[in-house]
Every structure is written in C-alpha cells, then in structure tokens.
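If you want the building blocks of each chain, they are given just below.
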Amino acid sequence: MNRTSAAPPPTPGTPHTSTPFTTERARAYEHDLTRTLGVTHAISVSSGTAALHVALLAAGIGPGDEVLVPALTVPMPIAAVHHAGATPVFVDCDADGIDLDLNDAATKLTPRSRALLPVHLWGRVPDPVDLHAFAGEHRLLVIEDACQAIGTRTGGQWAGTHGDIGCFSTKDGKLIWSGEGGFLLTNDATLAGEARALSNHYLAPPADRSPLARIGYNYRLAESLAAHAHSNLIRLTELLARRRAQAALLTRLLHDVDQLEPLPAPAGWNGYSALFRIHLDEPRAFCALLAAHGVPNSVGTFHLTAADRRPALVSRPAPACHRAARFIDRTLALVLHDALPDEHLHTLATTIAKEARAWTP
Ligand SMILES: Cc1ncc(COP(=O)(O)O)c(C=O)c1O
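Asks: Could you give an account of helix H3 (residues 76–83), with specific residues and numbers?
Replies: Residues Pro77, Ile78, Ala80 and Val81 constitute the buried set of H3. Taken down its axis, H3 places every buried residue within 155 degrees of arc, on the same side. Tucked into the core, H3 has its buried residues touching helix H2 (48–58), strand E4 (66–70), strand E5 (87–91) and strand E7 (141–145). Count one or two residues on from H3 and you reach Gly85, which has phi positive near 85 degrees.

Asks: I'd like to hear about the pattern of salt bridges, residue by residue, with values.
Replies: Where charged atoms of side chains with opposite charge meet at close range, the side chains can pair. This model, assessed by the stated rule, comprises 14 salt bridges. Here Asp342 ties to Arg242 by a salt bridge, and the two come within 3.0 Å at their closest N and O atoms. Taken together, the residues span a long stretch of sequence, with Asp342 in helix H12 (residues 342–358) and Arg242 in helix H8 (residues 236–253) at a distance of 100 residues. Lys354 is the salt-bridge partner of Glu355, the closest N and O atoms lying 3.7 Å from each other. For Glu355, a relative accessible area of 12% puts it in the buried group. Taken together, the shared-partner salt bridges in this structure form one network comprising Glu194, Arg209 and Arg214.

Asks: Lay out unusual backbone geometry with the relevant residues and their values.
Replies: Of note in the backbone geometry, Trp122 takes a positive phi value of approximately 60 degrees without being a glycine. Mapped onto the fold, Trp122 is located in the loop between strand E6 (113–116) and helix H5 (128–137). A relative accessible area of 2% places Trp122 in the buried class. One non-glycine residue, His303, lies in the positive phi region at around 55 degrees. Here His303 shows up in the loop between helix H10 (298–302) and helix H11 (322–329).

Here is what the cut-offs are and how they apply
Residues numbered from 1 in each chain as written. Predicted model: local features only at pLDDT ≥ 70, side-chain atom pairs only at ≥ 80, totals over all residues. Heavy atoms only, no water. Buried < 20%, exposed > 50% of the residue type's maximum accessible area, 1.4 Å probe, protein only. Helix = DSSP H or I, 4+ residues; strand = E, 2+ residues; numbered from the N terminus. Arc of directions from axis to C-beta. Contact = heavy atoms within 4.5 Å. Salt bridge = Lys/Arg side-chain N within 4 Å of Asp/Glu carboxyl O.

Below is the structure:
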C-alpha cells in the first residue's frame, strides 16, 4: 500500500541510541505523545498486548487478584490479565454496548477485586463519570484498553487518559499505525517508572529500586517503528478526519439497505469502524459470508465472540453475559484503514447491499 509519512524513515543499520535502554527516536515520539494527548508520561512498547501486560504488572496486579473486564471485547486484554497471573471476571455491557453494566459489575466485586479494565471496542468510549465514580467507591484502579480508541474524545479528554493507565496499539489498522507497536499513557510517575523498567528487563529501574529487582520483558519498540508511529502521530488530525469520513461514507452508501441499521455515532467518536445493527437471521453467518466475499469485519474475519464464551479465557464458571453476546452477534463492524480509497469503499458497499438483500440463511 502506498502510505506517506511526515518524517523520513530511519537509515537502515544506523543506530540512533542515546542509552542502551532507549532510543532517541522513541524518546522523541514519547515526548510528542505526552504533548498531543495531554498526559505527563508516555512509554512506547512493542504491542498493545505488551502495553496491557506491563500496565497490570506495574500496578502490582498478579496471582490472587481479580480484574473486572468486559465480555464485549476482543481477546487480547483478557489474555494480558492471564499473562499477569490474575483472574478476569466478566461483566456484561449496557444496552448501547458502549459502557460496562455497573450494576452487573457491582454483583461481581469481591475482596480480591483490584482493577477495572474497560475496553473501548470500535473506538466507542462511555462518559467516564459513572465508571470512575464506581472505581473510586470500590478502590479499583482503572486500566483503559484504548487500543481502538486513539483520537476519541469524551468529557474534554482523549480516550485512554481518564483512568490510571491507558493502553494503546499501533498495529496496522489502528488510527496511528506502525506495522506493530503500542504505548502506555499515565499521569502517575510511579506507574510510569515501573512500566518503563518492566518493558526493558527491569534494567533501568525507578530510583528506589535495584536493576533486575523484578522480572521484566523485552517489550521495547524498535527504533524504526517508533519513527514510523511518530510520523503518523504528527498526522493524527488528518488520520482522524479520514477515518471519520470513511465510516460516514459507508453509512451513507448503505442507508437504503433496510436489513442494516447504522449504530448512532457517539460524540467525539474516532470512526474506527463503520457499525451496523444486522436485522437478518443468523447474523454471524452473514458476517462470515461477507468476509468470504472480501468484506473484512469483526465477526466474519476476526471471529469476534463475547470473551466469556471462549473457554480458553475463562478461569471459573459464571453466568453468561447475554447482552454482550447479542450485541456482538448482531453487529456488522467493517474494518477500515486510512489507505482504503473511496472507490474501494463503494465496492464494499455494493457487495454488502447485494448480499444483505439476497440473504437466506
Ligand atoms: C481492543 C484491543 N485491545 C488489545 C489489542 C492488542 O494489540 P496488539 O495487537 O498491538 O497486541 C488490540 C489489537 O488488535 C485491540 O483491538
């Protein structure tokens, strides 16, 4: 794909390291992340899953601890809870499929509950007030999975900056992309120091700790990827406008397809995916058919299923989160990338409309 960058790519084979522990380009990228997204600390890492893993470890979450997680999610944040040795406790979603159902969350609290891990699926972010009041009341940390929500704004702030730590992915297809990559944002110096140390084998610990005092990981972001992500961060306004325009175009092109009802676009939304409620029998099979016809979507292409229905992710039996399962099964979430030209979106819309009208399960 022909992708343009604002900054020149690094020269292969030329090291730009300022210390053995980080690179100048990663530092410059992190500096601009803090300035652009309005936080005091940014730590670049090798993926969104790595960001979630070190966020949990930096917060001291491990075996014996429980983390309240949505059932309405991709599997990676739940995998990160398992990587940390903690137990995910699944919570259902609200009727709009944007927020956690806090009444359900309340019934699932135990003395071991340590954190809430909201996942902003498809870039949709709830009003943070209720979630943070709940977390405050129950002394829970909030670790936001904002991997799909770069650029969404709610309550006057960017997604991923409302909680104690925000975790982001820059895998291709995210708003800021670099092939692979991720970052964490926080205003807490202690969490930032731990996360940075853990991302690099705990070789450069916070001032009051010894090197290698904890087991760390190689979650460093390669210098060339930091430069690439940085060049896209500089284009954030343009990338956001493009993604929103793509989602809006698909919504317009499909407006007369009765079987597909656009989901309302919440204020400040980044337009991550074009989203439709499917009014057809066997909607999952319909999504699979679209994927087979070259229309990438969450259910058909990535097998999105309510996370509490995946045995590999479930630590102990619990009542199913029915609303999350219904929401996922009935949602067509079209996968977008800024490099997709409008002509391609027209082709996708034609295929979707034809298949929706002809659908017989
Ligand atoms: C919501 C969400 N969380 C976590 C991840 C994991 O990010 P990565 O693939 O960079 O590890 C992704 C990316 O696919 C995601 O969409």
